[in-house]
Amino acid sequence: MTAARQSSNLENLFPLTPSQEGIFFHALYTPDSAAYLNQLIVQIDGDLDS
């Protein structure tokens, strides 16, 4: 299966929300813009092994 075909199948399973479509459009339209900055900070306390 080609990468394009896999991508197409994934898009059918998990379509973008309207907000995600807008962010994606603007990211493609102005790739050097920092208008949409996604930041994730996670703090994990304790052991990760279960």
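Participant: Help me understand the overall build of the chain in this model?
Facilitator: The helix and strand tally for the chain stands at two helices and zero strands. For the chain, with 50 residues in total, the buried portion stands at 0%. Carbon and sulfur atoms make up 56% of the accessible area of the chain, which totals about 5,300 Å².

Participant: Just checking my understanding: could you explain a nonpolar patch on the surface for this structure?
Facilitator: Together, Leu40, Val42, Ile44 and Leu48 give the surface a local cluster of nonpolar side chains, amounting to about 490 Å² of exposed area. If you trace the backbone, Leu40 turns up in the segment after helix H2 (18-29). Residue classification places Leu40 among the exposed positions, given a relative accessible area of 73%.

Participant: Help me understand the packing of aromatic side chains, please; the structure alone is not making it clear to me.
Facilitator: Ring pairs (aromatic) are described by centroid distance and by the angle formed between their planes. Evaluated as defined, the whole model comprises one aromatic pair. Ring centres 5.5 Å apart and planes at 15 degrees place the aromatic pair Phe25 and Tyr29 in the stacked group. In this pair, Phe25 and Tyr29 are both assigned in helix H2, four residues apart and thus about one turn of the helix distant. The exposure class of Tyr29 is exposed, given its relative accessible area of 62%.

How each quantity is defined
Note that residues are indexed from 1 along each chain, following the sequence as it is written. In view of the model being predicted, local features appear only for residues whose pLDDT reaches at least 70, and side-chain atom pairs are presented and counted only at 80 or more, with totals across whole chains, interfaces and linings using the full set of residues. Computation of side-chain values covers all heavy atoms of the structure but excludes hydrogens and water. Elements are defined by DSSP. Helices are runs of H or I of four residues or more, strands are runs of E of two residues or more, and each kind is numbered from the N terminus. Only protein chains enter the accessibility calculation, which uses a 1.4 Å probe; a residue whose area is less than 20% of its type maximum is buried, one above 50% is exposed, and one in between is partly exposed. Per-residue accessibility takes into account occlusion by the displayed protein chains alone, with areas from the Shrake-Rupley method and a 1.4 Å probe. A patch is a set of surface residues, each over 30% in relative accessible area and not in a salt bridge, joined within 9 Å for like charges and within 5 Å for the nonpolar side chains Val, Leu, Ile, Met, Phe, Trp and Tyr. What counts as a salt bridge is simple: a side-chain nitrogen of Lys or Arg found within 4 Å of a carboxyl oxygen of Asp or Glu. Planes of paired rings set the category: under 30 degrees apart is stacked, over 60 is edge-to-face and the rest tilted, where pairs are Phe, Tyr or Trp rings (Trp by its six-membered ring) whose centres lie within 6.5 Å.

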